[in-house]
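Listed below are the residues making up each chain.
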Amino acid sequence: MQISMTVNGNEVVSEIEPRVLLVHYIRDVLGLTGTHWGCDTTNCGTCVVLMDGQPVKSCTVLAAMAAGHDIRTVEGLATAGTLDPVQQGFMEEHGLQCGFCTPGMMLTARALLDKNPHPDDTEIRKAISGQICRCTGYVTIVRSIQWAAAHPAGAVADVAATDEVIEGTDTAIPDIADTEVKA
Amino acid sequence: MTVIHDRPGNPAAGDADRPIGFGRIQRKEDPRFVRGKGNYIDDMVLPGMLHGAILRAPVAHARLVSIDTTNALAHPKVLAVITGKDLVALNLAWAPTLSADVQAVLVTDKVRFQGQEVAFVVAEDRYAARDALELIDVEYDLLPPVIDARKALDPDAPLIRDDLEGRTDNRIFDWEMGDEAETEAIFAAADVVVAQEIVYPRVHPAPMETCGAVADFDAVSGKLTLYETTQAPHAHRTLFAIVAGIPEHKIRIVSPDIGGGFGNKVGIYPGYILAVVGSIVTGKPVKWVEDRSENLMSTSFARDYIMQGEIAATRDGRILALRTSVLADHGAFNATAQPTKNPAGFFSIFTGSYDLKAAYCKVRGVYTNKAPGGVAYACSFRVTEAVYLVERMVDILARKLDMDPAELRLKNFIKPEQFPYANKTGWVYDSGNYEKAMRLSMEMAGYEALRREQAEKRERGELMGIGVAFFTEVVGAGPRKHFDIVGLGMADGAELRVHPTGKAVVRLSVQSQGQGHETTFAQIVAEELGIPPENIDVVHGDTDQTPFGLGTYGSRSTPVSGGAVALVARKVREKAKLIAAAMLETRPEDLEWEKGRWFVKGDPGAGKTIEEIAMAAHGTMTLPEGIDGNLDAEVTYDPPNLTFPFGAYICVVDIDPGTGHVKVRRFIAVDDCGTRINPMIIEGQVHGGLTDGVGMALMEIIEFDEAGNCLGGSFMDYLIPTAMEVPDWETGFTVTPSPHHPIGAKGIGESATVGSPPAIVNAVVDALAPYGVIHMDMPCTPARVWEAMQGRPRPPI
């Protein structure tokens, strides 16, 4: 069947099997591999894209169901070469490690901030609660989204510290100059 | 003690005050990931690439009667259907595991676990490949399965591994460490002895990206290029040479960006081998990427230890000895990835952080009709199980003695002046200051106030628990003379080239799965040579481009490869010194180093920067005798000992007495990983591990029913923490450098995964003290907590 939709602002028209999932359409047909896939059961959310501005799990949407709609993927987050504040925030606050869940997390964050520019931490946690990150423990993702909320224009200046790390150290780094070099 | 109450800034790249060397800088890999430009295995597309899918057994134990592939082969988009019989002809039906066993690549004789590989379809697209699986007819003759490890050695237990010659039972190994007689003598004379069965159930690393491969065999050159999700590309290359009979110089393993590993991507899975066979058979590249159920049901699980713990002490709380007997369920094939001489990994570190008089452990490994594996999920070769055992036993002892669990630990810690400390099972702990870390965590937690709050709440019938745990990790194997994987010594290489303009490239044998190697290792070179990290490219994950080494698992990247990188940079620095001396027309011994340049002692103005030296090295000047015209070096680092990171964790939970639901209210983690290269990355590693701990302690378990059906085969059943289940982590640190490591660093990647489960379970059990609960096994799900509250705690397996 033939479908057409808008992806990251571009009209696309394709001939596909009716059963093709949106995630596979985006990845395999359009070649936009920033959208990932991580489970069989709509639990993990690595496949989240925005459909008409709303986060959807693209593994649970048929490409045919997205026909006529406006789809935004991670590749469409930056505009005119400038990173979205959410993308900057994830780099500033270490909101990613392996990077696999990151595109979905960032798109959910973008949708949240569009609706609610100043969410509290609980609202952020709820917004991303349908998505799994196995690396970060989520707190740095919350910080990343707060960074984006605090920098709607993507300013580069550093944010004030929002939490604390207590350091207790009185042991010096050993003298390393004499360590033997082994070939 | 210095207490700093603010978080250091994170200057964006380009800022003048950004550290050149160690410190908090943004990650070099992030720009591609936030743009969706990572390159994971399923993103790879090669010209003419085909897609593979695996037919898996629906039952746990059954004789294979017949396979009919006629209809599948008739599918218009199917190019090949490969069965065990085909592999027998290629001598590929069985492959060696990483633990001196063999594993079936495809079933030839009988199915030994649910989800085992039965046939492989190669088709034009992934949908067609899946369709064709439905067209294969397989007839099975069911056999009774062995599911409960406790029954694996019963006289009437079915024999699982009848493929192994001379095998008459399901025993894999018996292994012991420590002095049994000495330990028994101390137990016999001790004032207090406490015993408890402690079960660490089967869990799964479940990285967000599943395992996969793209195999590309060039029949003309005979070269195999295998892109695969591997944490250990070089070890895989050697093993593929052995398995497939392809000469090793004709194999190139490429590990692209990996979407999380946690130990899941160490082993060689049948799917990788089948992709290679598919490419050889069809003459085209073949991609195979497993789905989530395949990942959870067939790839390397973790834990599955049933431990009988015993602890002996004096009446006033001096811990004397520990003893344990372990039943280890390894599944249908012994495919754990661990050093050859350590069938139970580094479990013998179960002596923990305490100064003991004696210790003894024995571990029996058995086969069951479950998926193979066992060493995975950030376990540091079974240190997770060891730390969980000792930290539960110490808490149980504290209850018996009516002592505060923190005080009992403080009383028994190995003292700073005792390091290096030889424990009772053969380890030499490199450095530590346990009391300092414990007291810092108590200070951060407000421990005394928490205990007062708890007492008040108990009066009101509210269930609040405070869990304390202290761990000592052992990470960074070798030395190579003691530790090997299938005969390959556990050392790692590094190559460094400084180009004429002073920009550098460093090549590693280890492979990141999200740990930030491209940043951390650039920072080590930057610290040693004064070249800014953004001018240093880190190359890894491609065996044709990197030196040999054993890879990333067991938190060994920084302890081993970090040492290699520091030493290779120093080698370059020493070479630069000789060249600088020639440039300055002085003697090398008259030069002094400051970060980035050599200068004449007493004349700081007369010096040469590393950039100037690099240009001179490649230029036309006459170089000193014996110096090649470059600024390159290579090193293979064989660590003299492992490193022993440690930490003090305190967890506060609230339990709903009506439902048994556990809420982690606070978690305080003080970690010591020696010298800190990038505090931001370290904090991230700790956060991730703590979340693993919440998962294992409260939610995650791979269960089986009596027929051997896996009950944790999807994310509907295998629950992983989301943002709603984790608190705002409170992290702190102390710095006790490793005395033998070139930069004093220890590993950090698995510390929190090791240390957090006992802290959480200790908190749960502490909360349930009014109900007389002394122990409950993980996961502390509402139903299981409820059962414990009713006086009916049950083991999960």
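Please read these numbers as outputs of a predicted model, since none were measured by experiment. (Residues numbered from 1 in each chain as written. Chains lettered and ligands numbered in written order. Predicted model: local features only at pLDDT ≥ 70, side-chain atom pairs only at ≥ 80, totals over all residues.)

### Thoughts on the overall build of chain B
Line of reasoning, step 1. The number of helices and strands found in chain B is 18 helices and 34 strands.
Line of reasoning, step 2. In summary, chain B has a C-alpha radius of gyration of 27 Å against a globular reference of 28 Å for 797 residues, a match within 12%.
Line of reasoning, step 3. Projected onto the principal axes, the alpha-carbon positions of chain B cover approximately 80 × 75 × 50 Å.
Line of reasoning, step 4. Counting all 797 residues of chain B, 60% fall into the buried class. (Helix = DSSP H or I, 4+ residues; strand = E, 2+ residues; numbered from the N terminus. Rg over C-alpha atoms; globule rule 2.2 N^0.38 Å. Buried ≥ 20, exposed ≤ 12 C-beta atoms within 10 Å, placed from the backbone.)

### Digging into the overall build of chain A
Line of reasoning, step 1. What chain A contains, in helices and strands, is five helices and six strands.
Line of reasoning, step 2. When the helices and strands of chain A are listed from N to C terminus, the series reads β-β-α-β-β-β-α-α-α-α-β.
Line of reasoning, step 3. Within the span of chain A, comprising 183 residues, buried residues form 52% of the whole.
Line of reasoning, step 4. Pairs at least 24 apart in sequence give 61% of the contacts found in chain A among residues at least 6 apart. (Contact = placed C-beta atoms within 7 Å.)

### Focus: the sheet that holds strand β29 (residues 597-600) of chain B
Residue and element names in this part refer to chain B.
Line of reasoning, step 1. Strand order across the open sheet formed by three strands is β28-β29-β30, with antiparallel pairing between neighbours. Each end of this open sheet is capped by a strand with a single partner; those strands are β28 (591-594) and β30 (603-609). Going from strand to strand, the sheet's axes swing by 35° on average, the running direction of each strand aside.
Line of reasoning, step 2. Pairing geometry for β28 and β29, over four bridges, is antiparallel. In the sheet register, Glu-594 faces β29, and the bridge partner there is Arg-597.
Line of reasoning, step 3. Against the sheet, helix α15 (residues 610-618) contacts β29 and β30, and its axis sits at roughly 50° relative to β30. (Pairing = 2+ DSSP bridges. Axes fitted to C-alpha atoms, helices over the stretch in contact; angles between N-to-C directions.)

### As for the nonpolar core
Line of reasoning, step 1. Ranked by size, the top nonpolar core spans 309 residues in total, and within it Val-121, Val-525, Ile-760 and Val-764 of chain B carry the most contacts.
Line of reasoning, step 2. When near neighbours in sequence (up to four residues on either side) are disregarded, Val-121 of chain B contacts Gly-52, Ala-53, Ala-72, Val-78, Val-81, Ala-129, Ala-132 and Leu-133 of chain B. (Core = buried A, V, L, I, M, F, W, Y, C linked by C-beta atoms within 7 Å.)

### Description of helix α17 (residues 751-767) of chain B
Line of reasoning, step 1. Here α17 of chain B contains 17 residues, and its C-alpha end-to-end distance of 25 Å stays within 8% of the 24 Å for a straight helix at 1.5 Å per residue.
Line of reasoning, step 2. Of all 17 residues in α17 of chain B, 17 are buried; the element is thus mostly enclosed. (Expected span 1.5 Å × (residues − 1).)

### Quick word on the confidence of the model for chain B
Line of reasoning, step 1. Looking at chain B as a whole, its pLDDT mean stands at 96, while 98% of the residues score no less than 70.
Line of reasoning, step 2. Confidence estimates for the predicted assembly give a pTM of 0.95 and an ipTM of 0.97. (pLDDT = per-residue confidence, 0-100.)

### A look at the sheet that holds strand β1 (residues 2-7) of chain A
Residue and element names in this part refer to chain A.
Line of reasoning, step 1. Spatially, five strands are ordered β2-β1-β5-β3-β4 in an open sheet, and the strand pairing comes out mixed. In this open sheet, the two strands that pair with only one neighbour each are β2 (10-15) and β4 (54-57). For this sheet the average axis-to-axis angle between neighbouring strands, irrespective of direction, equals 40°.
Line of reasoning, step 2. Strand direction decides the pairing type here: β1 and β2, joined by six bridges, are antiparallel. When the sheet's bridge partners are listed, Thr-6 is paired in β2 with Glu-11.
Line of reasoning, step 3. Across the sheet, helix α3 (residues 102-115) lies against β3 (48-51), β4 and β5 (70-72), angled at about 35° from β3, the strand it touches most.

### Some remarks on the packing of α3 of chain A against helix α5 (residues 139-150) of chain A
Each pair of packed helices can be summarised by the angle the axes make with each other and by the distance between the axes.
Residues and elements named next belong to chain A.
Line of reasoning, step 1. Close contact between α3 and α5 brings their axes to 11 Å; oriented N to C, the two are set at 40°. The angle between α3 and α5 falls in the class oblique. The two elements α3 and α5 cross, and the hand of that crossing is right-handed. Along the contact surface, α3 presents Met-105, Ala-109 and Leu-113, while α5 presents Ile-141, Ile-145, Ala-148 and Ala-149.
Line of reasoning, step 2. Each residue belonging to the contact of α3 with α5 can be placed in one class, and the counts come to seven nonpolar, no polar and no charged. (Parallel < 35°, antiparallel > 145°, perpendicular 65-115°, else oblique. Left-handed = near helix turned anticlockwise from the far one by under 90°. Nonpolar A, V, L, I, M, F, W, Y, C, P; charged D, E, K, R; others polar.)

### Side note on the environment of Phe-173 of chain B
Residue and element names in this part refer to chain B.
Line of reasoning, step 1. Position of Phe-173 among the secondary structure elements: in strand β9 (residues 171-178).
Line of reasoning, step 2. In this structure the C-alpha to C-alpha distance between Phe-173 and Cys-673, which are 500 residues apart in sequence, comes to 34 Å.
Line of reasoning, step 3. The residues contacting Phe-173, other than those within four sequence positions of it, are Pro-343 and Gly-365.

### Brief notes about the pairing of strand β3 (residues 78-83) of chain B
Residue and element names in this part refer to chain B.
Line of reasoning, step 1. Judged by how many residues are buried, β3 sits mostly within the fold: five of six residues are covered.
Line of reasoning, step 2. As paired strands, β3 and strand β7 (residues 117-123) are joined by five bridges and run antiparallel to one another. Residue pairing for β7: Val-78 is matched across the bridge by Ala-123.

### Structural notes on the packing of helix α9 (residues 383-401) of chain B against α17 of chain B
All names here are of chain B.
Line of reasoning, step 1. Between α9 and α17, the least distance of the axes is 8 Å, while the angle of their chain directions is 30°. In terms of orientation, α9 and α17 fall into the roughly parallel class. Crossing of α9 over α17 shows right-handed handedness. Two secondary-structure elements touch here, α9 through Val-383, Thr-384, Val-387, Tyr-388, Glu-391, Arg-392 and Asp-395 and α17 through Thr-753, Val-754, Gly-755, Pro-757, Pro-758, Val-761, Asn-762 and Val-765.
Line of reasoning, step 2. Here the contact of α9 with α17 is built from residues that sort into eight nonpolar, four polar and three charged.

### A word on helix α7 (residues 270-282) of chain B
Line of reasoning, step 1. For α7 of chain B, which comprises 13 residues, the first-to-last C-alpha distance of 18 Å matches the rise-based estimate of 18 Å (1.5 Å per residue) to within 8%.
Line of reasoning, step 2. With respect to burial, α7 of chain B is a largely interior element, ten of its 13 residues being buried.

### Things to note about unusual backbone geometry
Line of reasoning, step 1. With an omega dihedral of 25°, the bond running from Gly-478 of chain B to Pro-479 of chain B counts as a cis peptide bond.
Line of reasoning, step 2. Omega for the peptide link from Met-778 of chain B to Pro-779 of chain B comes to -5°, which places this bond in the cis form.
Line of reasoning, step 3. Unusually for a residue other than glycine, Tyr-138 of chain A sits at a positive phi of about 75°.
Line of reasoning, step 4. When you line up the elements, Tyr-138 of chain A lands in the loop between α4 (121-127) and α5.

### Describing the confidence of the model for chain A
Line of reasoning, step 1. With 84% of its residues at a pLDDT of 70 or more, chain A has an overall mean of 88.
Line of reasoning, step 2. Considering only residues more than four positions removed or in separate chains, one finds that residues 156-183 of chain A, a stretch of pLDDT under 50, has 57 contacts.

### A closer look at the environment of Ser-738 of chain B
Residues and elements named next belong to chain B.
Line of reasoning, step 1. Of note, Ser-738 is situated in the loop between β34 (730-733) and α17.
Line of reasoning, step 2. The exposure class assigned to Ser-738 is buried, which follows from the 27 C-beta atoms found within 10 Å.
Line of reasoning, step 3. Residues Ser-738 and Pro-640, 98 residues apart in the sequence, show an inter-C-alpha distance of 11 Å.
Line of reasoning, step 4. Residues contacting Ser-738, with those up to four places away along its chain left out, are Asp-430, Ser-431, Thr-643, Gly-674, Gly-744, Ala-745 and Lys-746.

### Quick word on the environment of His-75 of chain B
Residues and elements named next belong to chain B.
Line of reasoning, step 1. One can find His-75 in the loop between α2 (70-74) and β3.
Line of reasoning, step 2. What makes His-75 partly exposed here is the crowd of 18 C-beta atoms within 10 Å.
Line of reasoning, step 3. Excluding its chain neighbours within four sequence positions, the residues that come into contact with His-75 are Ala-128, Asp-131, Ala-132 and Leu-135.

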